Amino acid sequence: MSLKNTIENEYKNALKSKDKNKISTYRLILSSIKDLDIANRSGPNKKDTDDEDIKKLLKKMVKQRAESIEIYEKNNRTDLLEVEQNEYEILTSFLPKQMSEEDTKKLCAELIAKLGASSIKDMGKIMGELKKSHSDEIDFSKAGSIIKELLNT
């Protein structure tokens, strides 16, 4: 079953259970997918929206929620924080499980040793290798800061 169908089924289940938080989040996801469909059908590079496109969209939405959560925590806005956290949980449930920070650090250290990277100039090589082999399971903003830290020591 495609990712879009899975989301649509979850939306229907949320409607049946009358869960307002889930309903609004699924509507948000589905409308973003429709926008993506429209964008993919128009313009010079016409193509069908696939699961990879939807994963990219969901990652972008997760990143937005994470930034909002951070801001709301700093400003003690618990009312808004709760809504964003619920949306974050729902969005991440459709994405592959992310590596923990320790695992990411270990993987980055192994790649640095394997590639013989010695300075920050080699960061592009390391990030490229990570994207080839672990694109779905790594948060690249965290990986970038970890690699910088490892190369500067």
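Residues numbered from 1 in each chain as written. Predicted model: local features only at pLDDT ≥ 70, side-chain atom pairs only at ≥ 80, totals over all residues. Heavy atoms only, no water.

Caption draft 1: The packing of helix 6 (residues 123-134) against helix 7 (residues 140-151), seen in detail. Relative to each other, helix 6 and helix 7 sit at 140 degrees, their axes nearing to 11 Å. Classed by the angle they form, the pair helix 6 and helix 7 counts as oblique. In the crossing of helix 6 with helix 7, the sense of the turn from one axis to the other is right-handed. Packed against helix 6, whose contacting residues are Met123, Ile126, Met127, Leu130, Lys131 and His134, the element helix 7 presents Phe140, Ala143, Gly144, Ile147, Lys148 and Leu151 at the interface. Each residue belonging to the contact of helix 6 with helix 7 can be placed in one class, and the counts come to 8 nonpolar, 2 polar and 2 charged. (Axes fitted to C-alpha atoms, helices over the stretch in contact; angles between N-to-C directions. Helix = DSSP H or I, 4+ residues; strand = E, 2+ residues; numbered from the N terminus. Parallel < 35°, antiparallel > 145°, perpendicular 65-115°, else oblique. Left-handed = near helix turned anticlockwise from the far one by under 90°. Contact = heavy atoms within 4.5 Å. Nonpolar A, V, L, I, M, F, W, Y, C, P; charged D, E, K, R; others polar.)

Caption draft 2: Up close: the layout of surface pockets. Each pocket or cavity is described by its volume, and for the largest pocket that value is around 800 Å³. Together, 23 residues line the largest pocket, and Val62, Lys63, Gln98, Asp139 and Ser141 are the ones closest to its centre. For the lining of the largest pocket, the secondary-structure elements that each account for two or more residues are helix 3 (51-74), helix 4 (78-92), helix 5 (101-115) and helix 7. For the lining of the largest pocket, a count of residues per class yields 8 nonpolar, 6 polar and 9 charged. (1 Å grid on protein atoms, 1.4 Å probe; cavity = no way out; pocket = protein on both sides within 12 Å on 5 of 7 lines; lining within 4 Å. Points joined across faces, edges and corners; volume = space filled by probe spheres on them.)

Caption draft 3: Representation of the nonpolar core within the structure. Formed by 19 residues in total, the largest nonpolar core has its most connected members in Ile7, Tyr26, Ile29, Leu58 and Phe94. Of all the secondary structure elements, the ones that give two or more residues to this core are helix 1 (3-17), helix 2 (20-41), helix 3 and helix 4. Element by element, the count of residues in this core is highest for helix 2, at 6 residues. Those residues within four positions of Phe94 in sequence are excluded, and the remaining contacts are Leu3, Thr6, Ile7, Glu10, Tyr26, Ile29 and Leu58. With 14 residues, the next largest nonpolar core counts Leu107, Met123, Ala143 and Ile146 among its residues. (Core = buried A, V, L, I, M, F, W, Y, C linked by side-chain atoms within 4.5 Å. Buried < 20%, exposed > 50% of the residue type's maximum accessible area, 1.4 Å probe, protein only.)

Caption draft 4: Geometry of the side chain of Glu87. Position of Glu87 relative to the elements: it lies in helix 4. Among the residues examined, Glu87 registers a relative accessible area of 13% and is labelled buried. Setting aside residues up to four positions removed in sequence, Glu87 forms contacts with Thr25, Leu28 and Arg65.

Caption draft 5: Just the confidence of the model for the protein chain, in detail. Of the residues in the protein chain, 99% reach a pLDDT of 70 or more, and the chain-wide mean stands at 85. The least confident element of the protein chain, judged by mean pLDDT, is helix 7 at 79; the most confident is helix 1 at 92. (pLDDT = per-residue confidence, 0-100.)

Caption draft 6: Looking closely at the side chain of Asp37. Here Asp37 is to be found in helix 2. With relative accessibility at 17%, the residue Asp37 sits in the buried group. In this structure the side chain of Asp37 is engaged in a polar contact, spanning 2.5 Å, whose partner is the side chain of Thr49. Ignoring any residue separated from it by four or fewer positions in sequence, one finds Asp37 in contact with Lys4 and Thr49. (Polar contact = N/O pair within 3.5 Å; in protein donor to acceptor, adjacent residues only side chain to side chain.)

Caption draft 7: Spatial organisation of the environment of Lys12. Tracing the sequence through the fold places Lys12 in helix 1. For Lys12, a relative accessible area of 48% corresponds to the partly exposed category. The spacing of Lys12 and Tyr26 is 14 residues in sequence and 9.2 Å in space, taken between C-alpha atoms.

Caption draft 8: Geometry of helix 7. Counted at 1.5 Å a residue, the expected span for helix 7 with its 12 residues is 16 Å, and the 16 Å between its end C-alpha atoms agrees. By the burial criterion, the buried members of helix 7 are Ala143, Gly144, Ile146, Ile147 and Leu151. For helix 7, the angular spread of the buried residues around the axis is 170 degrees, confining them to a single face. On its buried side, helix 7 packs onto helix 5 and helix 6. (Expected span 1.5 Å × (residues − 1). Arc of directions from axis to C-beta.)

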